[in-house]
Amino acid sequence: MTAFKVMNWNVENLFLPDPSKPEAQQQFQDKLTKLAAVIDEEQPDLLALQEIGPNGALAALQQALTHSMPHAAEGVPEAGGEPSRAIRVAILSIRPLSGIRSISPFPDLIRPVQQKDPVFDKPGTVADESLLAAMGRSALEVVVEVDGTEVTVITAHFKSKLISYPRPKGNFSPKDEDERYRYAAYALYRRTGEALTIRDRINAILSSSAGEPDPDDGLGREKAVVFCGDLNDQPDAATTQIIQGPTGSELETAGFLTGDKGDGYRMWNLAPRLNVTPDGEPPAEPPYTRVFKGRGELIDHIFASHRLVNPKNIPDARTVLATNRLPSVNEVPTERKSDPASDHAAVVATFMI
């Protein structure tokens, strides 16, 4: 069997610095140094990243590593974002990448969701401009070969619960309570549509051979699929559970040990195994990947299919912090603009293939 280590990390706003600002250039180098130190220590086979900026930010991180990861792919930038600030997901790998594709449009049966207040008072503006029929930040899919086995890896960054409001751009305070609840709901609509889009793609992978549907769900048990990313919701959230597929056989439940017909479509969230000791003892504190207003939240996840997660083959999974303790964040992310460390912990899983 061959070990395949996957590392999933939101590196928080990895943007190239303004060349006219020496201070910004030093902050960027400090950030690269901190990120590279963690990645070099872990030495993953594949690194899934979120919040990567344009114009060479990914290449700069690649070059900062001593752990060589020469193969790279980037997702499509955030829809509607400023070209210089449009974040995207990305993947680095020690192995060649194939089957590279972006995942964006909602599935055929899913209607557009509302993402903002409709505007009627501007010439030529229609209500439909408030609707979104695709992921705000495209997901990224790649295939890597591990000891003769093709492993499909998908990474995504779902809509944040940190809400920005329309006046002016970058405003994180609502004008009133009515606007607050509306935009909180719009963010949830988007995360739901994004979860449905990823689950639809996973279904297509697990239920097809050479692109043709197979009525026998046993095929899905043989497909090696990993999905990871910043989902901006915890393990028990409805959006996160959409990714899991059929219920009733989660890790740490009796159903997991017996198996059933749904196993061909399940994606097991490794959250229950995070930081469990080699002796099977639970961690001293619940795992988390971000701290919001002093409270730890587990919003970064790794899921895997039956081929990679089953009673005879349970992966090791850990959270990895770049600092002794994560900083606590609030509703205004720009307050951390100059901080070189990421506000997220990484999640690392080692699969045996």
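Higher on the page you've got the structure.
Residues numbered from 1 in each chain as written. Predicted model: local features only at pLDDT ≥ 70, side-chain atom pairs only at ≥ 80, totals over all residues. Heavy atoms only, no water.

Turning to the nonpolar core, a few remarks are in order. With 33 residues, the main nonpolar core has Phe4, Val151, Ile302, Leu308, Val309 and Phe351 as its most contacted residues. Per-element tally for this core: the top contributor is strand E8 (residues 134-146), with four residues. The residues contacting Val309, other than those within four sequence positions of it, are Leu251, Phe256, Trp268, Leu270, Ala304, Pro315 and Phe351. One finds Val38, Ile39, Leu47 and Leu58 within the second-largest nonpolar core, a separate group that totals 24 residues. (Core = buried A, V, L, I, M, F, W, Y, C linked by side-chain atoms within 4.5 Å. Buried < 20%, exposed > 50% of the residue type's maximum accessible area, 1.4 Å probe, protein only. Helix = DSSP H or I, 4+ residues; strand = E, 2+ residues; numbered from the N terminus. Contact = heavy atoms within 4.5 Å.)

With mixed pairing, the six strands of this open sheet are ordered in space as E3-E4-E2-E1-E19-E17. What marks the edges here is a single partner per strand, and that holds for strand E3 (71-74) and strand E17 (316-320). For this sheet, the mean angle separating the axes of adjacent strands, direction not counted, is 15 degrees. For strand E2 (residues 46-52) and strand E4 (residues 88-93), the ladder comprises five bridges, and the chain directions are antiparallel. Paired with Ile52 across the bridge in E4 is Arg88. (Pairing = 2+ DSSP bridges. Axes fitted to C-alpha atoms, helices over the stretch in contact; angles between N-to-C directions.)

Take the environment of Ala48 next. On the secondary structure map, Ala48 appears in strand E2. Separated by 57 residues in sequence, Ala48 and Pro105 have C-alpha atoms that sit 21 Å apart. The residues touching Ala48, leaving out its near neighbours within four places in the chain, are Met7, Asn8, Trp9, Ala90, Ile91, Thr155 and Cys228.

Moving on, we get to the environment of Glu335. Checked against the element boundaries, Glu335 lands in the loop between strand E18 (328-329) and strand E19 (346-352). The exposed category is assigned to Glu335, whose relative accessible area is 57%.

Turning our eyes to something else, we now look at the packing of aromatic side chains. Considering all chains together, one arrives at six aromatic pairs under this definition. Ring centres of Tyr186 and Tyr189 lie 6.2 Å apart, and the angle between their planes is 50 degrees; this geometry places the pair in the tilted category. Taken together, the residues Tyr186 and Tyr189, both in helix H3 (residues 177-206) and three residues apart, mark about one turn of the helix. Of the residues examined, Tyr186 reaches a relative accessible area of 6% and is grouped as buried. Residue class for Tyr189 comes out partly exposed when judged on its relative accessible area of 36%. (Phe/Tyr/Trp six-rings, centres within 6.5 Å; stacked < 30°, edge-to-face > 60°.)

Now for the side chain of Asp233. Relative to the assigned elements, Asp233 resides in the loop between strand E12 (224-230) and helix H5 (238-244). When sequence neighbours within four positions are dropped, the list of residues in contact with Asp233 reads Lys161, Arg191, Thr239, Thr240, Leu298, Ile299 and His301.

Right, let's get into the sheet that holds strand E14 (residues 290-292). Strand order in the open sheet formed by three strands is E15-E14-E18, with mixed pairing between adjacent strands. Since the sheet does not close on itself, it has two edges, and those belong to strand E15 (295-297) and E18, each with one partner. By the bridge criterion, two bridges tie E14 to E18 in an arrangement that is parallel. Bridge pairing links Val291 to Ser328 in E18.

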